[in-house]
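Coordinate inspection notes
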Amino acid sequence: MTPKSPIPQVHIETFGCQMNESDSELVRSMLKREGFAFTEDRERADVVLVNTCAIRENAHKKIYAHLSELKGLKKRRPLVVGVLGCMAQNLKNELAEKEPLVDVLAGPDAYRQLPMLLSTALEAQEQGFSQKGFALDLSEYETYEGIMPDRDSGVNAWITVMRGCDNFCSFCVVPYTRGRERSRDPENILVEAREAVARGFKQITLLGQNVNSYCAGEWDFAKLIRAVADTLGIDRVRFTSPHPKDFPIALIEAIATHPKVCKHVHLPLQAGSDRILDLMGRTYTGAEYLALVDRIRQTIPGVVLTTDIICGFCTESDQDFQDTCRMVERVRFDSAFIFKYSERKNTIAARKYPDDVPEHIKGARISKLMEIQRQITLERNRELIGKKLVILVDRDATRSSTQGMGKTDGNITVVWDKGTSHFVPGTLITKRIFDASAATLYGE
Ligand code: SF4
């Protein structure tokens, strides 16, 4: 159903991970195809879509605060509000019944229905009543094949290669909000990569909730990443987020040997205690994780290793936490995303284990682990002082427009004084590193 004129203006706000960013690009593409237009200005929008994340409590709070803001707007003038993404899927009853503000709910597998749902809601609003529409079915097949994302400009193009997850880590809501694992057709992925390069993108990041479990006939992730990296005109290929269980030697060798595949591996650890890893359902022990780290470091010299860690998971004792600290000190990650455990509705952990680590202990543990990692990151970054590194130029530095900002092959941020030098986002330049903090390298 195509909307009646005048053309409805849609404003979309995206929270959470890169998968959501990538999904918002798909949504934009589908809605534009059906006659909707997009505006950056929320005040001018006929429709506000909020693409949500359910992974942590913080994300929920942020989104509820945001929805409250929209209430004021909707009181002043006609407005259709749609909630998309993981929170729409996970909290459908709560949002559908208790949030009168929300006109449309659409889960991650139901975006093809959005044009119809929004048109119906807009028409009803024109006629002076409210028509709610919900599309929340999960699919075993939906990969949005044939829809070219409407990408933001920049140097990086996200390409989703698989959707969903079958791992059911006990803390994680993704298998419930994004459904079963399914991989896209490799030929279509390659067409999308070529299209992104033709539009000027220099880096492609392959995305999936469990990206390295990609499997389509003869194609595994190692074969896919090589093929994408062979795309003419591409400078860099990255991927996120992998699971340590899907790291065969063929994939490690693809990273090591293909010059376009970045020597950066994000390898979520989550915990260093075998007991907690078992409760989390991660399917590896600390020793197995360390063996994988050793294999990666031996095969890819100089590789940048980053990770995710959860502090204060159900029943985590001081000893368990110490095991995580020891593991972090042993691996010496280049950087880490460290989160406080927050119980997610419907997960295995919510059903089976008590969320029994007091908040103040979770807080103390996260501070301690962050400090350990900050020191390691600083030391590792300082080891790069004096080295010449190749940087993909991105944009002006956040703090000063007289400085440029870009990323190393290992995804570490570098800033430098632009001076009178030619500054072209998307070009590769070489800088000698003369200083380093825990967050940034400084190039000259
Ligand atoms: S691998 Fe585990 S943490 Fe990652 S999306 Fe799947 S269930 Fe969640």
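Residues numbered from 1 in each chain as written. Predicted model: local features only at pLDDT ≥ 70, side-chain atom pairs only at ≥ 80, totals over all residues.

On a plain count of helices and strands, the chain comes out with 14 helices and 21 strands. Taken against the 2.2 N^0.38 rule, which gives 22 Å for 444 residues, the C-alpha radius of gyration of the chain at 23 Å falls within 12% of a compact globule. Along the three orthogonal principal directions, the C-alpha set of the chain runs to about 65 × 55 × 45 Å. Across the chain, every contact between residues at least 6 apart in sequence was considered, and the portion connecting residues at least 24 apart equals 75%. (Helix = DSSP H or I, 4+ residues; strand = E, 2+ residues; numbered from the N terminus. Rg over C-alpha atoms; globule rule 2.2 N^0.38 Å. Contact = placed C-beta atoms within 7 Å.)

Most peptide bonds are trans, and most residues other than glycine sit at a negative phi. The residue after Thr240, namely Ser241, is reached through a cis peptide bond having omega -10°. In this structure, Tyr144 is a non-glycine residue whose phi angle is positive, near 55°. Relative to the elements of secondary structure, Tyr144 occurs in the loop between strand 6 (133–135) and strand 7 (156–160). Overall, the presence of 21 C-beta atoms within 10 Å leaves Tyr144 in the buried class. In this model, Phe168 sits at a positive phi of 50°, which is unusual for a non-glycine residue. (Buried ≥ 20, exposed ≤ 12 C-beta atoms within 10 Å, placed from the backbone.)

Extensive coverage of strand 18 (residues 403–408) is indicated by the burial of five of its six residues. The sheet contact formed by strand 17 (residues 388–396) and strand 18 spans five bridges and is antiparallel. Across the sheet, Ile391 pairs through a bridge with Thr408, a residue of strand 18. Adjacent in sequence and paired antiparallel, strand 17 and strand 18 are bridged by six residues. As judged from the five bridges shared by strand 18 and strand 19 (residues 413–417), these two strands associate in the antiparallel manner. (Pairing = 2+ DSSP bridges.)

Moving on to the packing of helix 12 (residues 318–331) against helix 14 (residues 359–382). Working note: a packed helix pair is described by the angle between its axes plus the distance between those axes. It is at 10 Å that the axes of helix 12 and helix 14 come closest, and there the two elements cross at 15°. Relative to helix 14, the element helix 12 lies roughly parallel. Handedness of the helix 12/helix 14 crossing: right-handed. Residues Phe321, Thr324, Cys325, Val328 and Glu329 of helix 12 form the contact with helix 14, whose own contacting residues are Arg365, Leu369, Ile372 and Gln373. Looking at side-chain class alone, the contact of helix 12 with helix 14 contains five nonpolar, two polar and two charged residues. (Axes fitted to C-alpha atoms, helices over the stretch in contact; angles between N-to-C directions. Parallel < 35°, antiparallel > 145°, perpendicular 65-115°, else oblique. Left-handed = near helix turned anticlockwise from the far one by under 90°. Nonpolar A, V, L, I, M, F, W, Y, C, P; charged D, E, K, R; others polar.)

What follows is about the environment of Phe339. Tracing the backbone shows Phe339 in strand 16 (residues 335–340). Spatially, the C-alpha atoms of Phe339 and Met370 are 9.5 Å apart, while their sequence positions differ by 31 residues.

Right, let's get into the sheet that holds strand 13 (residues 236–240). Strand order in the open sheet made by the three strands is 7-10-13, with parallel pairing throughout. What marks the edges here is a single partner per strand, and that holds for strand 7 and strand 13. Strand-to-strand twist across the sheet, computed as the mean angle between neighbouring axes with direction ignored, equals 25°. As paired strands, strand 10 (residues 203–207) and strand 13 are joined by five bridges and run parallel to one another. Directly across from Gln203, in strand 13, lies its bridge partner Arg236. Of the strands in this sheet, strand 10 and strand 13 are in contact with helix 8 (residues 221–229), which crosses strand 13 at around 150°.

Let us look at the environment of Val237. Locating Val237 in the fold gives a position in strand 13. Discounting residues that sit within four places of it in the chain, Val237 has contacts with Ile204, Leu206, Ile225, Val228, Ala229, Lys260, Val261 and Cys262.

Here helix 12 is 14 residues long and its end C-alpha atoms lie 20 Å apart, about the 20 Å a rise of 1.5 Å per residue gives. Residues of helix 12 that are buried: Asp320, Phe321, Asp323, Thr324, Met327, Val328 and Val331. Angular distribution of buried residues about the axis of helix 12 spans 150°; they occupy a single face of the element. Of the residues in helix 12, the exposed ones pointing more than 90 degrees away from the buried face are Asp318, Gln319 and Arg330. Taken together, the buried residues of helix 12 touch helix 10 (274–280), helix 11 (286–299), strand 15 (304–311), strand 16 and helix 14. (Expected span 1.5 Å × (residues − 1). Arc of directions from axis to C-beta.)

Before going further, it helps to spend a moment on the nonpolar core. With 98 residues, the main nonpolar core has Ala106, Ile159, Val161, Ile204, Leu206, Ile225 and Val228 as its most contacted residues. The biggest single contributor to this core is helix 8, with six residues. Apart from residues no more than four positions distant in its own chain, Ala106 is found in contact with Gly82, Leu84, Ala88, Tyr111, Gln113, Leu114, Leu117 and Ala135. The next biggest cluster of nonpolar side chains, apart from the first, holds eleven residues, and it includes Met405, Val414, Val415 and Trp416. (Core = buried A, V, L, I, M, F, W, Y, C linked by C-beta atoms within 7 Å.)

Moving on, we get to the sheet that holds strand 21 (residues 441–443). Around the barrel, five strands lie side by side as 17-18-19-21-20; this closed barrel has mixed pairing. Adjacent strand axes in the sheet meet at a mean angle of 50°, parallel and antiparallel pairs treated alike. Of the strand pairs in this sheet, strand 17 and strand 20 (residues 428–436) are connected by five bridges, and their pairing is antiparallel. Its bridge partner lying in strand 20, Leu389 is registered against Lys431.

Moving on to the domain arrangement of the chain. Split into domains, the chain comes out as domain 1 (9–135), domain 2 (154–262), domain 3 (268–383) and domain 4 (388–443). Computed from C-alpha coordinates alone, the two centres of domain 3 and domain 4 are separated by 30 Å. Contact with domain 3, which involves seven residues of that partner, is made by seven residues of domain 4. (Domains from an automatic or database assignment.)

It is worth spelling out helix 1 (residues 18–33) at this point. An α-helix turns once per 3.6 residues; consequently, residues spaced three or four apart project the same way. Taking 1.5 Å per residue, 16 residues should reach 22 Å; helix 1 reaches 23 Å between its end C-alpha atoms and fits that length. Within helix 1, burial applies to Met19, Ser22, Asp23, Ser24, Glu25, Val27 and Leu31. Following helix 1 by one or two positions, Gly35 adopts a phi angle in the positive range, close to 95°.

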